[in-house]
Amino acid sequence: MRQASFVRQLGERVDIAVSPELKAKELEKKMTYSNDCSGERPLIDATIRSSAEDDLGRAPVAHAFARSILELDASQGLVVAVMGPWGHGKSSFINLMREEFEGIPKESNPTPEESKTRRALTVIDFNPWMFSGSDQLVAFFFTQIGAELKVKNESRLGTIADWLGQYAGILKPAAKLIPLPGASAVGEAVAAGIIGLAGTTSADRSVQEVKDDITKALSKLEEPIVVVIDDIDRLTKIEIREIFKLVRLTASFPNIIYLLAFDRERVEQALSEDGISGRAYLEKIVLLSFDVPQASEKLLRSRAITELGRVLSPIKNATLDEDRWTSAYSEVIEPLLSNIRDVTRYAISAKQTIKDLGDKVDPVDLLAMEALRVFRPEIFQRLPKLRNELAAIHGTVGHKEKRTQKVIEKLLNSFPDDEVIQPLLKYVFPASQDDHRPESLSSSWRAAHRMAHIDFLNLYFDRVAPDELITFRDSERAFTCLNDRKALEDYLTELNSGKLEKVITDLIYLKASFTDDMIIPGTVTLLNLVDSIPKKKKQGVLDTGREFTVYPVVCELLRRVEHLEDEKEREGFVSQIFNDIETYSSRLFFIDDIIGYGKANENKIVSTVFAQQMRTKFIQKLQDTPPSTPSREWCAGRIYHAVQKETGKTPLRPSDDPALLQAVFYSLKSTGVSQDFPVTSIDYLNWDIIVQLFGSERKVRTALFNIREELGDHEVLQLVDRYLGGWRPEFFYTDQSQAKETKN
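Residues numbered from 1 in each chain as written. Predicted model: local features only at pLDDT ≥ 70, side-chain atom pairs only at ≥ 80, totals over all residues. Heavy atoms only, no water.

K.L.:
Explain the overall build of the chain here, please?
P.N.:
If you tally the helices and strands in the chain, you get 34 helices and 11 strands. Considering only contacts in the chain between residues 6 or more positions apart, those separated by 24 or more positions represent 73%. (Helix = DSSP H or I, 4+ residues; strand = E, 2+ residues; numbered from the N terminus. Contact = heavy atoms within 4.5 Å.)

K.L.:
Would you take a moment to explain the sheet that holds strand β5 (residues 256–262) for this structure?
P.N.:
What holds strands together in a sheet is hydrogen bonding between their backbones, with the strands either parallel or antiparallel. If you walk across this open sheet you meet the 5 strands as β3-β4-β5-β2-β6, and the pairing is parallel. With partners counted over all chains shown, the strands left at the sheet margins are β3 (122–126) and β6 (288–291), one partner each. Averaged over neighbouring strand pairs, the angle between their axes works out to 20° when direction is ignored. In this sheet, β5 lies alongside strand β2 (residues 78–83) in parallel orientation, the contact comprising 6 bridges. (Pairing = 2+ DSSP bridges. Axes fitted to C-alpha atoms, helices over the stretch in contact; angles between N-to-C directions.)

K.L.:
What am I meant to see in the packing of aromatic side chains here?
P.N.:
Two descriptors summarise a pair of aromatic rings, namely the distance from one centre to the other and the angle between the planes of the rings. Within this structure, the stated rule accounts for 19 aromatic pairs. With a centroid separation of 5.6 Å and 80° between ring planes, the pair formed by F244 and F262 is classed as edge-to-face. Highlighted residues: F244 in helix α9 (residues 237–250) and F262 in strand β5, separated in sequence by 18 residues. Each member of the pair, F244 as well as F262, carries the same accessibility label: buried. Seen in terms of ring centroids, Y460 and F461 are 5.4 Å apart; in terms of plane orientation they differ by 55°. Their pairing is tilted. These aromatic residues form a ring-pair network of at least three members: F548, Y551, F589 and W634. Over the aromatic face of W86 sits the side chain of R234, whose NZ or CZ is 5.7 Å from the ring centroid. (Phe/Tyr/Trp six-rings, centres within 6.5 Å; stacked < 30°, edge-to-face > 60°. Buried < 20%, exposed > 50% of the residue type's maximum accessible area, 1.4 Å probe, protein only. Lys NZ or Arg CZ within 6 Å of the ring centre and 35° of its normal.)

K.L.:
Would you take a moment to explain the nonpolar core for this structure?
P.N.:
Soluble globular proteins tend to pack their nonpolar side chains together in the buried interior. Within the largest apolar cluster, 143 residues are counted, with the highest numbers of intra-cluster contacts made by M369, L492 and F590. If you tally residues by element for this core, the top one is helix α15 (residues 363–375), at 9 residues. Formed by 31 residues, the second largest nonpolar core is a distinct cluster that contains L218, I256, Y258 and I285. (Core = buried A, V, L, I, M, F, W, Y, C linked by side-chain atoms within 4.5 Å.)

K.L.:
How do you make sense of the confidence of the model for the chain when you look at a structure like this?
P.N.:
The predicted coordinates ought not to be read in detail in places where the model reports low pLDDT. Put simply, the chain has an average pLDDT of 79, and 74% of its residues get 70 or more. Of all helices and strands in the chain, the one with the weakest mean pLDDT is helix α2 (residues 24–31) (35), whereas helix α25 (residues 519–528) scores best (96). Note on residues 1–6: pLDDT under 50 across the span, and 20 contacts to partners over four residues away in sequence or across chains. Counting contacts from residues 539–543, a segment whose pLDDT is below 50, to residues more than four positions away or on other chains yields 4 contacts. (pLDDT = per-residue confidence, 0-100.)

K.L.:
Whenever I open this one, the pattern of salt bridges confuses me. Can you help?
P.N.:
Where charged atoms from two side chains of opposite charge come close, those side chains can pair. Considering all chains together, one arrives at 41 salt bridges under this definition. Note that E100 and R67 form a salt bridge whose closest N and O atoms lie 3.2 Å from each other. Of this pair, E100 sits in helix α4 (residues 90–101) while R67 is found in helix α3 (residues 59–70), placing the two residues 33 residues apart along the sequence. Connected through salt bridges with shared partners, the residues D321, R324, D362, D365 and R450 form a single ionic network. (Salt bridge = Lys/Arg side-chain N within 4 Å of Asp/Glu carboxyl O.)

K.L.:
For this particular structure, what's the right way to read a positive patch on the surface?
P.N.:
Together, R382, K402, K406 and K410 make up a region of like positive charge exposed at the surface. Position of K406 among the secondary structure elements: in helix α18 (residues 397–414). Of the residues examined, K406 reaches a relative accessible area of 64% and is grouped as exposed. (Patch = residues over 30% accessible without salt bridge, like charges linked within 9 Å, V, L, I, M, F, W, Y side chains within 5 Å. Areas by Shrake-Rupley, 256 points an atom, 1.4 Å probe, with all protein chains shown as cover. Lys, Arg positive; Asp, Glu negative; His and termini not counted. Charge placed at Lys NZ, Arg CZ, Asp CG, Glu CD.)

K.L.:
Honestly, the environment of D212 in this entry has me stumped. Any pointers?
P.N.:
The topology assignment puts D212 in helix α8 (residues 207–219). Residue D212 is classed as partly exposed on the basis of its relative accessible area of 34%. Residues D212 and F253 lie 41 residues apart in sequence; the distance between their C-alpha atoms is 9.6 Å.

K.L.:
What is the right way to read the layout of surface pockets from this model?
P.N.:
To locate leftover empty space, one rolls a probe as large as a water molecule over the atoms. Counted as a void, the second largest pocket has a volume near 1,000 Å³. Sorting the residues of the lining of the second largest pocket by element identifies α19 (421–428), α20 (438–447) and α22 (467–479) as the ones contributing at least two each. When the residues that make up the lining of the second largest pocket are grouped by side-chain class, the tally is 18 nonpolar, 10 polar and 12 charged. (1 Å grid on protein atoms, 1.4 Å probe; cavity = no way out; pocket = protein on both sides within 12 Å on 5 of 7 lines; lining within 4 Å. Points joined across faces, edges and corners; volume = space filled by probe spheres on them. Nonpolar A, V, L, I, M, F, W, Y, C, P; charged D, E, K, R; others polar.)

K.L.:
Even after reading the chapter, I still don't get the side chain of R446, so can you show me in this structure?
P.N.:
Inspection of the secondary structure assignment puts R446 in helix α20. Polar contacts involving the side chain of R446 include one to the main-chain carbonyl oxygen of E468, which spans 3.0 Å. Every residue in contact with R446, bar those within four places of it in the chain, is listed here: H453, D455, F456, E468, L469, F472, D506 and Y509. (Polar contact = N/O pair within 3.5 Å; in protein donor to acceptor, adjacent residues only side chain to side chain.)

K.L.:
So what exactly am I meant to see when it comes to unusual backbone geometry here?
P.N.:
Leaving glycine out, the prevailing phi sign among residues is negative, and the prevailing peptide bond configuration is trans. In this structure, D231 is a non-glycine residue whose phi angle is positive, near 60°. Structurally, D231 can be placed in the loop between β4 (225–229) and α9. Here the phi dihedral of R463 falls at roughly 60°; this positive angle occurs in a residue that is not glycine. Along the chain, R463 falls in the loop between α21 (454–462) and α22.

K.L.:
Where do I start with the packing of helix α31 (residues 658–667) against helix α33 (residues 697–711) in this structure?
P.N.:
A packed helix pair is summarised by two numbers, namely the angle formed by the two axes and the spacing between the axes. The interhelical angle for the contact between α31 and α33, taken along N-to-C directions, is 120°, at an axis separation of 9 Å. Of the possible angle classes, the one that applies to α31 and α33 is oblique. Considering the relative orientation of α31 and α33, their crossing is left-handed. Residues P658, A659, L661, Q662 and F665 of α31 form the contact with α33, whose own contacting residues are V700, A703, N706, I707, E710 and L711. Classifying every residue of the contact of α31 with α33 by side-chain character gives 8 nonpolar, 2 polar and 1 charged. (Parallel < 35°, antiparallel > 145°, perpendicular 65-115°, else oblique. Left-handed = near helix turned anticlockwise from the far one by under 90°.)

K.L.:
Before we go on, may I ask you to explain the side chain of D365 in this structure?
P.N.:
Here D365 shows up in helix α15. For D365, a relative accessible area of 0% corresponds to the buried category. Within polar-contact distance, the side chain of D365 engages the side chain of R324 at 2.7 Å. Leave out the neighbours within four places in its chain, and D365 touches R324, Y427, V428, R450, M451 and A452.

K.L.:
Sorry if this is basic, but what is going on with α15 here?
P.N.:
Residues three or four positions apart in an α-helix share a direction because the helix packs 3.6 residues into each turn. For α15, built from 13 residues, the straight-helix expectation of 18 Å at 1.5 Å per residue is met to within 8% by its first-to-last C-alpha distance of 18 Å. Residues of α15 that are buried: P363, V364, D365, L366, L367, A368, M369, E370, A371, L372, V374 and F375. At the N-terminal end of α15, a side-chain oxygen is found 3.1 Å from the backbone nitrogen of V364, two or three residues along, and the residue is D362. (Expected span 1.5 Å × (residues − 1).)

K.L.:
Help me understand helix α14 (residues 340–357), please; the structure alone is not making it clear to me.
P.N.:
Taking 1.5 Å of rise per residue, the 18 residues of α14 would be expected to cover 26 Å, and the 25 Å separating its terminal C-alpha atoms lies within 8% of that figure. At K351, α14 is deflected by roughly 35°, the largest bend along its length. For α14, the complete set of buried residues consists of I340, D342, V343, T344, Y346, A347, A350, T353, I354 and L357. Contacts made by the buried residues of α14 are with α12 (297–312), α13 (322–333), α15 and α21. The N-cap of α14, judged by a side-chain oxygen 3.1 Å from the amide nitrogen of R341 a few residues on, is N339. (Bend = angle between axes of the 7 residues up to and from the residue.)

K.L.:
Looking at this model, I keep getting lost on the environment of F126. Mind explaining?
P.N.:
Its location among the elements puts F126 in strand β3. As for F126 and D230, which are separated by 104 residues in sequence, their C-alpha atoms are 7.8 Å apart.

Printed below as a string of structure tokens:
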């Protein structure tokens, strides 16, 4: 992972992997991107209108094709076609052709002589979506064309427009025509006038007579009229047939060039009937055609990287898992992008999700999942119900793996020909794969905000952060303060005690990012907060005390010290930490449980001799100086038991500080819970240690009296009373066990 311009990362990683021959300067030019997008065009899925918007460099080709059309003889009418699958840019290509038709090509500066010979053609559009049935199509076609001709140039084309209106009226009564499309109020008014004219004259003239008048008028035109019919492939099968019948019926009108745009495969299928090939039918109608080329893989990739960069640029401090991004893009995202429209649609559709979650969920996962959502919705809709299997969190390990494997196999079998599911599982949901063990990787996935962890997968699907994830965000905030003791202490002490424990626990997920400057402030602060963590009620024999909430985190911090070769340097770290710990309880915990005193393992931070010296000094100081704040001594009994074991002397007297003595009693109190149903619990004391600390039960009784005199009664004091009265708990842990008590 590294910080960098996000679009630079996106492009470099993909192009280096797929096209290693690309030169550094080409990469630099291609990948450089400004986070300031204020001057960019809005991200919309719309056709381009002019050469100024031609990022694909197709204008010269479009202009050349338009010129080739104008070189043909249109005296008997002409039908030409621009073909290509959906999203290949047919409409944009036609808009570029209009520039040549209108005499204003953009790719070169015409000479004065060329300018004189160029005359703008009349280009009108017929929208086939505007008719409501095949019986209305012909009349509507001529009515609309006539109306648009009058709008374009009434003085030159008005007569033709009138004849077309009459022709429409003869073919279909005006009253049955559907409402006319009006690009403007003028167009609607003109069209209405034509309909009126048609209604009054259609009965007086035959169809052939009106057609002859139209033919004569069109023949006198110095330049042909171009009629554009786009989006034919989006009509129904019946409507496609009707459009081509219309074109064939009217194709003989002179100086009319029909420019059709459609997906060849879709139209050929619609026109095929009774063994007659739709292609053969097309060949009889269309004289000249051009297939819009598919954008190259390199061009699609470049556009995709640019558009994704625009979408991701507002996300601050975005980081990229470089290795996964290369694979996820080339195996999951790129196979789903067939054309420029796909790229634009993908970027537009993913934009809101990135805006909502881009700073919360791993961007590689987001981009891969959004591609699936947009282009494979039938697969995506299955995934929310499989989230537990994708994150592999079911039951015990054996059962989990078996269930996950079964569910994933069912998903794959449901879409056997889809090429992106397997890579998606591999790079986004590795826990679903047989060769991964999510238990060992879960912490790293969570730290990286990956959907492989159930919390972040739930956030993506539900858009609501679960409680566990909210706590983890607090842990991430605490992590940013680990190198600043005061800031860390201020932040953690503001949390309520219940949340404090969870926040500290979740710091372990971030261990891979721990740094040397966090060792001392982080360790000292956490050990000084042990007394603020709620004391746990024992739930079973394997449960640990509250000190072990901080234990894993502190050990990971100190692991960075273990590898220092200079023993004196390690001892310096340990001494500085020890001196800054505020309670005797945490100091003893630090010596005995963390730095390794008394442990048999070889991975001790300091030598046994040094640890023993620390412990000796600790015992002596405790004997000389009692705790200044006894209520903070979360294991007061343990620290005095250490003194008793070390010196062989009774460390406590009934006359000692009552607050300290009560803290000792409280620290040696536990709660036992039965292992069977119905669950019962019972409080008990480590009575033998209490008696050792005072020397006798008589002294314990005196201490109890003194505490009550000074501090009043307390539940732990009542428990001491029961022990002094002879009560002892007796626990039976059998198949039918439950905690029981007997009175002696």
